[in-house]
Amino acid sequence: MTQIETTTTAPAAPAPKHLRAPVPVQSRAERFTSTEVADFPAVTGREPMWKYTPVARLQELIAGELDGSPYVYDATAAPGVTTSWIGRDDARIGTAGKPEDRASANAWTAFQQALLVHIGTTMTGDHREVTLTRSSLGGSPRAAHTVVEVAPGATATLILQNTGSAHLAENVEFLLGADSDLTVVSLQEWDDEALHVAAHFAEVGEGARLKHVAVTLGGGVVRLNPSTHLVGARADAELLGAYFADASQHLEQQVYVHHDGPETRSRVTYKGALQGQGARTVWIGDVLIGPKAVGTDTYEQNRNLVLTDGARADSVPNLEIETGDIVGAGHASATGRFDDEQLFYLQSRGIPEEEARRLVVRGFLSEIVQQIGSPALQERLQAKIEDELQTTSVTASGAEH
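Residues numbered from 1 in each chain as written. Predicted model: local features only at pLDDT ≥ 70, side-chain atom pairs only at ≥ 80, totals over all residues. Heavy atoms only, no water.

## Description of the overall build of the protein
Test applied: In DSSP terms, a helix is any run of H or I states spanning at least four residues, a strand is any run of E spanning at least two, and both are numbered starting from the N terminus. The cut-offs for exposure are 20% and 50% of the maximum accessible area for each residue type, with area from a 1.4 Å probe on protein chains only; residues under the lower value are buried, those over the upper are exposed, and the others partly exposed. In what follows, a contact means two residues having at least one pair of non-hydrogen atoms within 4.5 Å. The accessible surface values rely on the Shrake-Rupley method and a 1.4 Å probe; as for residues, cover is taken only from the protein chains in view.
The number of helices and strands found in the protein is 5 helices and 19 strands. Burial analysis of the protein (401 residues in total) assigns 57% to the buried set. Summarising the internal contacts of the protein: among those between residues at least 6 apart in sequence, 86% fall at separations of at least 24. For the protein, the accessible surface area stands at approximately 16,400 Å², while carbon and sulfur atoms represent 51% of it.

Here it is in structure tokens:
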């Protein structure tokens, strides 16, 4: 893959004052937040957080009236895991974070009850896997709010599976108690015309570990923004993403990691493939290392593989450091086409060109899928990616045929 890459690594200590870069006008931590949609101005598409988004296609979710009533869902059973509806006045709501944009605030204003997923400890301490499925949301504009509470020391995998039709704006909160370990897989397999705008907020306690995996393979416009607050000492977060955009499909993710506690660690890796006229992906990665986050170790990267002409990938990594006492910090971004040497190697071993190209893409995205930790889900997603690759053949020049 021919690629353009930028990498930044933080210095071990702050530079002298006369050599420091100008202080930015606004820190990432100072971004305005509110749970009331009326507190946000109308979205025009010129705002920094909206400038890559097709706001005209999302206006009903950004500013329209939303149905916030409880909806139908399916949840698999697991020891110590319960689901229930809770009122807006529940003290856990708003603990992990608050809306930073109008769509998130619109969903927050509209929801009537929140779905609580409580993951408690068990006597055996076994790792549990729970799947929460939504497949009957329909085509009317809807709001939703979910709170996932993980008890101290609990360990589980939660799969948030989204299928069918939907016009959905939602907020999801993850509250991780001390020394807990949660793997979250947010799976978007919506119908082609679905609209989905989601904000995920995570608060990670002392010694806790969060693995957040976002896999987006369906939907007309999907904008999924995960934010992780590493508030406790030695908190750890791994944010992974895999996405595949077809013609006229817009897939966007704005990732934010806030290192607040000491000796915290984070790794962010998102990989995407695009094919078809008008296919568009957006990745923005913000990492903030706060003044108390001494001993931070963080790295973020984004890779995009453009398979055909007419597709576009935007990738914007950002790193903000407010203390010089860190282990390391850096970021990288690359977007390109196929690596001719990889294709030549495969063809020299008798693999036809079209099949060789599919193998390259499959391996490119498999790096993310294989880290999910659920063999059955990994196998299903690999098959889904293969189906996506079968929809469009790709020539050596990158043009469709």
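From this point, the discussion proceeds with the structure in view.
## A word on the pattern of salt bridges
Basically, it comes down to this: Only one rule defines a salt bridge in this text: a Lys or Arg side-chain nitrogen within 4 Å of an Asp or Glu carboxyl oxygen.
Tallied over the entire structure, the rule returns 21 salt bridges. A salt bridge links Glu170 to Arg134, with the nearest nitrogen and oxygen atoms 2.9 Å apart. You can see Glu170 sitting in strand β8 (residues 167–176) and its partner Arg134 sitting in strand β5 (residues 128–134), a full 36 residues away along the chain. Neither residue differs from the other here; Glu170 and Arg134 are each classed as buried. The residue Arg362 makes a salt bridge to Glu386 at a minimum N-O spacing of 2.5 Å. With Arg362 in helix α4 (residues 353–369) and Glu386 in helix α5 (residues 375–390), this pair connects stretches of sequence that are 24 residues apart.

## Focus: helix α2 (residues 102–110)
Side chains that are three or four residues apart share a direction in an α-helix, a result of its 3.6 residues per turn. Condition: What qualifies as a polar contact is a pair of N or O atoms within 3.5 Å, subject to a donor-acceptor requirement within protein and to the restriction that residues adjacent in sequence count only when both atoms come from side chains.
Along α2, 7 of the 9 residues are buried, which leaves the element largely enclosed by surrounding structure. Among the residues making up α2, those that are buried are Arg102, Ala103, Ser104, Ala105, Asn106, Ala107 and Trp108. Where the residues of α2 are buried, they touch α1 (55–62), β6 (141–150), β8 and β10 (195–204). One side-chain oxygen of the residue at the start of α2 lies 3.1 Å from the amide nitrogen of Ala103, identifying that residue as Asp101.

## Details of unusual backbone geometry
In the Ramachandran plot, Asp179 falls in the positive-phi region, its phi being about 60° despite a non-glycine side chain. For Asp179, the location among the structural elements is in the loop between β8 and β9 (181–190). When its relative accessible area of 53% is taken as the criterion, Asp179 is described as exposed.

## Re the environment of Leu319
Residue placement: Leu319 occurs in strand β18 (residues 312–321). For Leu319 and Val287, which are 32 residues apart along the polypeptide, the C-alpha to C-alpha distance reads 5.0 Å. Setting aside residues up to four positions removed in sequence, Leu319 forms contacts with Val287, Ala329, Gly330 and His331.

## Considering the packing of α1 against α2
Packed helices, taken two at a time, are described by the angle between their axes plus the distance between the axes. Quick note on the threshold: Angles shown run from 0 to 180 degrees and are taken between the N-to-C directions of axes, each axis being a line fitted to C-alpha atoms and, for helices, limited to the stretch in contact. Small angles under 35 degrees read as roughly parallel and large ones over 145 as roughly antiparallel, with 65 to 115 read as roughly perpendicular and the rest as oblique. Amino acid classes used here: Ala, Val, Leu, Ile, Met, Phe, Trp, Tyr, Cys and Pro are nonpolar; Asp, Glu, Lys and Arg are charged; the rest, including Gly, are polar.
Closest axis-to-axis distance for the α1/α2 pair is 9 Å, and the angle between their directions is 25°. With respect to their mutual orientation, α1 and α2 come out roughly parallel. Each of Glu60, Leu61 and Ile62 in α1 lies in contact with α2, whose residues at this interface are Arg102, Ala103 and Asn106. Its residues placed into classes, the contact of α1 with α2 shows 3 nonpolar, 1 polar and 2 charged.

## A word on the packing of α4 against α5
Short version of the rule: Left-handed describes a crossing whose near helix is turned anticlockwise from the far helix through less than a right angle; right-handed describes the clockwise counterpart.
As a packed pair, α4 and α5 sit with axes 10 Å apart at the nearest point and diverge in direction by 145°. Crossing geometry of α4 relative to α5 is assigned as right-handed. Across the interface between the two elements, Arg358, Val361, Arg362, Leu365, Ser366 and Val369 of α4 pack against Gln378, Leu381, Gln382, Ile385, Glu386, Leu389 and Gln390 of α5. The class makeup of the residues in the contact of α4 with α5 is 6 nonpolar, 4 polar and 3 charged.

## Looking at the side chain of Glu238
Here Glu238 is to be found in strand β13 (residues 236–245). Here Arg209 takes part through its side chain, which lies 3.2 Å from a polar atom of the side chain of Glu238.

## Some thoughts on the packing of aromatic side chains
Formally: Pairing of aromatic rings covers Phe, Tyr and Trp, the last counted by its six-membered ring, and requires centre-to-centre distances within 6.5 Å; plane angles under 30 degrees mean stacked, over 60 mean edge-to-face, and any other angle means tilted. Only when the NZ of Lys or the CZ of Arg is both within 6 Å of the ring centre and within 35 degrees of the ring normal is a charge said to sit over the ring.
All chains considered together, the criterion is met by 5 aromatic pairs. Ring geometry for Tyr71 and Tyr73: centres 6.4 Å apart, planes at 70°, overall edge-to-face. When the ring of Tyr270 is compared with that of Trp283, the centres are 6.5 Å apart and the planes differ by 45°; the resulting orientation is tilted. One end of the pair, Tyr270, is in strand β15 (residues 265–274); the other, Trp283, is in strand β16 (residues 280–289), and 13 residues separate them in sequence. Chaining the aromatic ring pairs together yields one cluster made of Tyr71, Tyr73 and Trp85. Lying across the ring of Tyr256, Arg28 places its NZ or CZ 3.8 Å from the centre. When the ring centre of Trp50 is taken as reference, the NZ or CZ atom of Arg223 above it lies at 3.8 Å.

## Quick notes on the sheet that holds strand β14 (residues 250–259)
Quick note on the threshold: We call two strands paired when DSSP finds no fewer than two bridges between them.
Ordered in space as β3-β4-β6-β8-β10-β12-β14-β16-β18, the 9 strands form an open sheet in which the pairing is mixed. Of all strands in the sheet, those bounded by a partner on one side alone are β3 (81–87) and β18. Averaged over all pairs of adjacent strands, the angle between their axes in this sheet comes to 10°, without regard to strand direction. Two strands pair when backbone bridges link them, and β10 and strand β12 (residues 221–230) are joined in this way by 10 bridges, in the parallel orientation. Following the sheet pairing, Val204 is matched in β12 by Leu230.

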